[in-house]
Amino acid sequence: METVDPYKALGVSRDATDAEIKSAYRKLARRFHPDLNGSSQTAESRFKEISVAYEILSDKDRRRQYDMAESGQGGFSQAGFEQFFTGGTGFGAGPYQRRGFGQGGFYGSKGPSPAEEWFSEFFGPSQRRKPAKNHNPKESGLEQSLEVSFLEAYSGVKKAVTTPYKTIEVYVPAGVDNGSRIRVGGQGYPPRTGGRGGDLFLNLSVRNHRFFRRQDKEIYLDVPITLGEALLGARIEIPSPDGNVALKIPPGVQSSTSFRFRGKGFPSLRDPVRGDFLVKVNVVLPDKIDNLSRKLVEEFEKLNPLRPRNNFLKR
């Protein structure tokens, strides 16, 4: 194993005070502890490294010996830190000899180390934490599915969520979509003995709406209009996610024409800019017409000649 500088491992300077060393260790231990990182081998390896670094720097004699060795004045071998890490017979031997994190924790024959004393504060008294590979996965987090309606995803909503242990109220932010994930700290599996419980992870799904369609931040709506409304123009009322709104249709509008309501689409979880609300009008014709209507249409065609396919077939 590669020799590691304990000062670098904890990210402190060589003249760091005991308080600074302890503070740096606490922050890193909370971040990389295997019980808080599932089965991550990277986190476990980093946790071992910072824990052993703290074992050295929190003990004045060991820190002095390490500093002397680094300056070439002796004290312990260049490989001492590595041997201490692996439970070898170098610097780690003696009254505080440890068996190594992967072999049963940091308890040794002479009682808990300074690092283990801190674990008692963080995880509860006299707890021997197991490495990630032996860790109970139930303590790392509870996953559940949560379905919300289209309009709930649009506006945000508070939902009652029932876990195997309790019912809690969770706020679902506006802008969530299928596949969004919400983390609720400390509301997952309870710890076996004291300490903080695992987290609750909610995997979101959004029900389709009867009229509205969503694409990223945009909302789409198809609106049927009559031939008369298309020809003469009209002012009609249409639904929107914020309630009914008025849509002005200009005379002679073509079928499939779209109208844009800027900033009336979905909010984003990543940026403050909302999407747009796009309304497409489609001209709807009757399935059947009576003889009088037929004559009126024929007269209309004569009075308003139109050749929409002019040059359509020419090459």
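Bear in mind the structure is a predicted one, so any value in this text is a computation, not a measurement.

A. A look at helix α4 (residues 60–70). Every buried residue of α4 is accounted for by Arg 62, Arg 63, Tyr 66 and Ala 69. One side of α4 carries all its buried residues, which in axial view fall inside an arc of 125°. Where α4 starts, the residue carrying a side-chain oxygen 3.0 Å from the main-chain nitrogen of Asp 61 turns out to be Asp 59.

B. Spatial organisation of the packing of aromatic side chains. Counted according to the given criterion, the structure contains eight aromatic pairs. For the ring pair Phe 150 and Phe 212, a centre distance of 6.0 Å and an interplane angle of 25° mean the geometry is stacked. Highlighted residues: Phe 150 in helix α7 (residues 150–155) and Phe 212 in the loop between β5 (199–206) and β6 (213–215), separated in sequence by 62 residues. An identical accessibility class is assigned to Phe 150 and Phe 212; each is buried.

C. Quick look at the pattern of salt bridges. Per the stated rule, a full pass over the model turns up 14 salt bridges. In this structure, Arg 62 engages Glu 55 in a salt bridge whose closest nitrogen and oxygen atoms are separated by 4.0 Å. The salt bridge partner of Lys 217 is Asp 271, with a shortest N-O separation of 3.4 Å. One end of the pair, Lys 217, is in the loop between β6 and β7 (218–225); the other, Asp 271, is in the loop between β10 (257–261) and β11 (277–283), and 54 residues separate them in sequence. Look at Lys 217 and you get buried, because its relative accessible area is 16%.

D. Broad picture of the nonpolar core. Grouped together as the largest cluster of nonpolar side chains are 35 residues, with contacts concentrated most on Val 148, Val 172, Leu 202, Ile 225 and Leu 247. With residues up to four places along the chain from it excluded, the contact list for Val 148 reads Ala 153, Val 157, Lys 159, Val 172, Val 176, Leu 204, Ser 205, Val 206 and Arg 207. In terms of nonpolar packing, the next biggest core, distinct from the first, is built from 20 residues, Ala 29, Phe 32, Ala 53 and Tyr 66 among them.

Rules used throughout
- Position labels on residues start from 1 in each chain and follow its written sequence.
- Residues qualify for local features only when their pLDDT is at least 70, as the model is predicted, and side-chain atom pairs are given and counted only at 80 or more; totals for whole chains, interfaces and linings, by contrast, use all residues.
- With hydrogens and water set aside, each side-chain value is computed from the structure's full complement of heavy atoms.
- Three exposure classes are used, based on accessible area relative to the maximum for each residue type with a 1.4 Å probe and protein chains only: buried under 20%, partly exposed in between, and exposed over 50%.
- Runs of E in the DSSP output that reach at least two residues are strands. Runs of H or I that reach at least four are helices, and both are numbered from the N terminus.
- The directions from the helix axis to the C-beta atoms are what the arc is built from.
- Two N or O atoms count as a polar contact when they lie within 3.5 Å, although within protein this holds only if one can serve as hydrogen donor and the other as acceptor, and sequence-adjacent residues are included solely when both atoms are side-chain atoms.
- Here a Phe, Tyr or Trp ring, Trp counted by its six-membered ring, pairs with any other such ring whose centre lies within 6.5 Å, and the pair is stacked when the planes are under 30 degrees apart, edge-to-face when over 60, and tilted otherwise.
- The term salt bridge refers to a pairing of a side-chain nitrogen on Lys or Arg with a carboxyl oxygen on Asp or Glu at a separation within 4 Å.
- By nonpolar core is meant a set of buried Ala, Val, Leu, Ile, Met, Phe, Trp, Tyr and Cys residues that side-chain atoms within 4.5 Å join together.
- Note on contacts: a residue pair qualifies if any of its non-hydrogen atoms lie within 4.5 Å across the two residues.

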